[in-house]
Amino acid sequence: MPDGNREDTDLLGVRLEKIKELRSCGIDPFGKKFPVEQSAAEIAADFPAFEGKEVVIAGRLLAKRGHGKASFGDLQDFSGRIQIYARLDDLGSDPYELYKKLDIGDIIGVRGTVFRTKRQEITVAVKSFEILSKSLRPLPEKWHGLKDVDLRYRQRYLDLMVNPEVREVFLKRIKIIRLIRHYLEERGFLEVETPMMQPVAGGAAARPFITHHNALDMELYLRIAPELYLKRLLIGGFEKVFEINRNFRNEGISTKHNPEFTMLELYQAYGDCQDMMDITEGVISTVARQVLGAMKITYAGREIDFTLPWTRLTMLDAVQRYTGKDFGHFDAERALRQSAELDVEVPQDAAWGQILNAVFEAYVEDKLIQPTFITGHPVEVSPLAKRNPHNPRLTDRFELFINSWELANAFTELNDPLDQRKRFEQQMAERERGDEEAHAMDEDYITALEYGMPPAGGLGIGIDRLVMILTNSISIRDVILFPTMRLRES
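Everything in this summary refers to the structure shown in the same document.

Reading the values: the criteria
Residues numbered from 1 in each chain as written. Predicted model: local features only at pLDDT ≥ 70, side-chain atom pairs only at ≥ 80, totals over all residues. Heavy atoms only, no water. Helix = DSSP H or I, 4+ residues; strand = E, 2+ residues; numbered from the N terminus. Buried < 20%, exposed > 50% of the residue type's maximum accessible area, 1.4 Å probe, protein only. Contact = heavy atoms within 4.5 Å. Areas by Shrake-Rupley, 256 points an atom, 1.4 Å probe, with all protein chains shown as cover. Polar contact = N/O pair within 3.5 Å; in protein donor to acceptor, adjacent residues only side chain to side chain. Core = buried A, V, L, I, M, F, W, Y, C linked by side-chain atoms within 4.5 Å. Expected span 1.5 Å × (residues − 1). Phe/Tyr/Trp six-rings, centres within 6.5 Å; stacked < 30°, edge-to-face > 60°.

**Some details on the overall build of the chain**
Thinking step 1. Helix and strand counts for the chain come out as 16 helices and 20 strands.
Thinking step 2. Over its C-alpha atoms, taken along the principal directions, the chain stretches across nearly 90 × 50 × 50 Å.
Thinking step 3. Across the 490 residues that make up the chain, the buried fraction comes to 50%.
Thinking step 4. In the chain, the share of contacts with a sequence separation of at least 24, taken over all contacts with a separation of at least 6, comes to 64%.
Thinking step 5. Working note: accessible area of the chain is about 24300 Å², and carbon and sulfur atoms make up 51% of it.

**Quick word on the side chain of Ser71**
Thinking step 1. Relative to the helices and strands, Ser71 is located in strand 2 (residues 70-77).
Thinking step 2. Judged by relative accessible area, Ser71 falls into the buried class, the value being 4%.
Thinking step 3. For Ser71, the side chain forms a polar contact with the main-chain oxygen of Arg65, separated by 3.1 Å.
Thinking step 4. Not counting residues within four places of it along the chain, the set of residues in contact with Ser71 comprises Arg65, Gly66, Ile84, Tyr85, Ala86, Tyr96 and Tyr99.

**Topic: the nonpolar core**
Thinking step 1. If you look at the biggest cluster of nonpolar residues, it comprises 45 residues, and the most contacted ones within it are Ile180, Leu184, Leu264, Leu266, Ile284, Phe306 and Leu459.
Thinking step 2. Not counting the four nearest positions on each side in its chain, Leu184 is found in contact with Phe189, Phe242, Leu264, Leu266 and Ile279.
Thinking step 3. Core analysis: the next-biggest nonpolar cluster, separate from the first, contains 24 residues, Leu22, Ile84, Ile108 and Phe129 among them.

**Some words on helix 8 (residues 164-186)**
Thinking step 1. Here helix 8 is 23 residues long and its end C-alpha atoms lie 33 Å apart, about the 33 Å a rise of 1.5 Å per residue gives.
Thinking step 2. Of all the positions in helix 8, only Val166, Arg167, Val169, Phe170, Arg173, Ile176, Ile177, Leu179, Ile180, Tyr183 and Leu184 are classed as buried.
Thinking step 3. Positioned one or two residues after helix 8, Gly188 has a phi angle of 90°, which is positive.

**Some points on helix 10 (residues 273-292)**
Thinking step 1. Here helix 10 is 20 residues long and its end C-alpha atoms lie 28 Å apart, about the 28 Å a rise of 1.5 Å per residue gives.
Thinking step 2. Most of helix 10 is tucked away: 14 of the 20 residues are buried.
Thinking step 3. At the N-terminal end of helix 10, a side-chain oxygen is found 3.0 Å from the backbone nitrogen of Gln274, two or three residues along, and the residue is Asp272.
Thinking step 4. In the segment just after helix 10, Gly293 is the residue with positive phi, at about 70°.

**Thoughts on the packing of aromatic side chains**
Thinking step 1. Throughout the structure, instances matching the rule amount to 10 aromatic pairs.
Thinking step 2. Taking the centre distance of 5.6 Å and the plane angle of 75° together, the rings of Tyr99 and Phe129 count as edge-to-face. Placement of the pair is Tyr99 in helix 5 (residues 93-100) and Phe129 in strand 5 (residues 122-133), with a sequence separation of 30 residues.
Thinking step 3. Among the residues examined, Tyr99 registers a relative accessible area of 1% and is labelled buried.
Thinking step 4. On the accessibility criterion, Phe129 (14% relative accessible area) is buried.

Shown next as structure tokens:
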């Protein structure tokens, strides 16, 4: 067992002795199946129906009050807490002595009758109880909540146990994902599964995690995106598909980034970027309304309004609005001079589109608080998006920004295999110049495109960031049950 502080170690010793004592009396301190029939929330919600009736509940003992011949306690199950009341006269001498020896944190099963105390507290009068699991370690901070942020993330089980508001965040996360599934399934989308280990790390610009398959003696990459496999399904005849998936990117950790994260990706044959905009507005506004009951929320002190329609700006217009510079000339040398005037550092050999994107990231992103679609991304930073038919230097693509974060990314998908090969070759040239996040060549995907992929729209939404905004959570670690953590030094 890991070492704790001296007080915890002493308590651990005392509880180990209690286990020995229980076993010597023929009592299993780690119990057996228990036939739970009610929950704390059920009883609280319909007290008149339960008053005077016997109930069978189970949960963790979080408090004990009183001495002598009667004692109150708080029992917590998944649905909430309920008060219990144990008396010597009801239990008998030996069971009552056993009850008094229970520790905070023990999991017990209780049979009893429901009543209301003089203080109007709904309570279960204990007629019998069973020890279901003995807690060896004391709950944190005398059971009043776990405040150490690092410890909360490392020992999420304690966080969930003693901080009810944390449990509510994850219940909302579950509801958000369920509503997204329902929204898409109602519109004819099919949920599918694609490989998490891939021979080529594709579908995004990111550094992958690398693993080795012993039997095949080959390197594989943990998925950075499911995109190219989902589009293979379009080629195979599936017309509307989605996946809520775990992705893995070997990048930094911050309040907005975890190396392992959840994305929604969907693809619609015979659709385009405009369809993806409509779906994005629809799914997020619907989820906000059903989870929060409102279209205006407060996140980190800022009001965010999900009322439709949302603002739409081209990247060129957004950059001109916030810098006063017009990059619509499409000239790399002139763009390089403009970026220098704005103190935005870019490589001397950067293409026009890369320079525009760098200026956008430096000057515009942090201004986009309300839901805003940014459209018209340069080809150089959009290797999988279809060119705009009116301006081949740009693509039919959008990014959705909320609270200055990129929350969604969508394209009219590139289905021309000849253009796709050229884009991959350009990305490979970027890799040779040292860009580790540039897209790798995927010959099998190009082969698939050569059989013909229908015109399509594709969309990705960051689930973790969406949950952060809808639950007013400041860190991505607050909405991931088990976030990636640095190993503790021994």
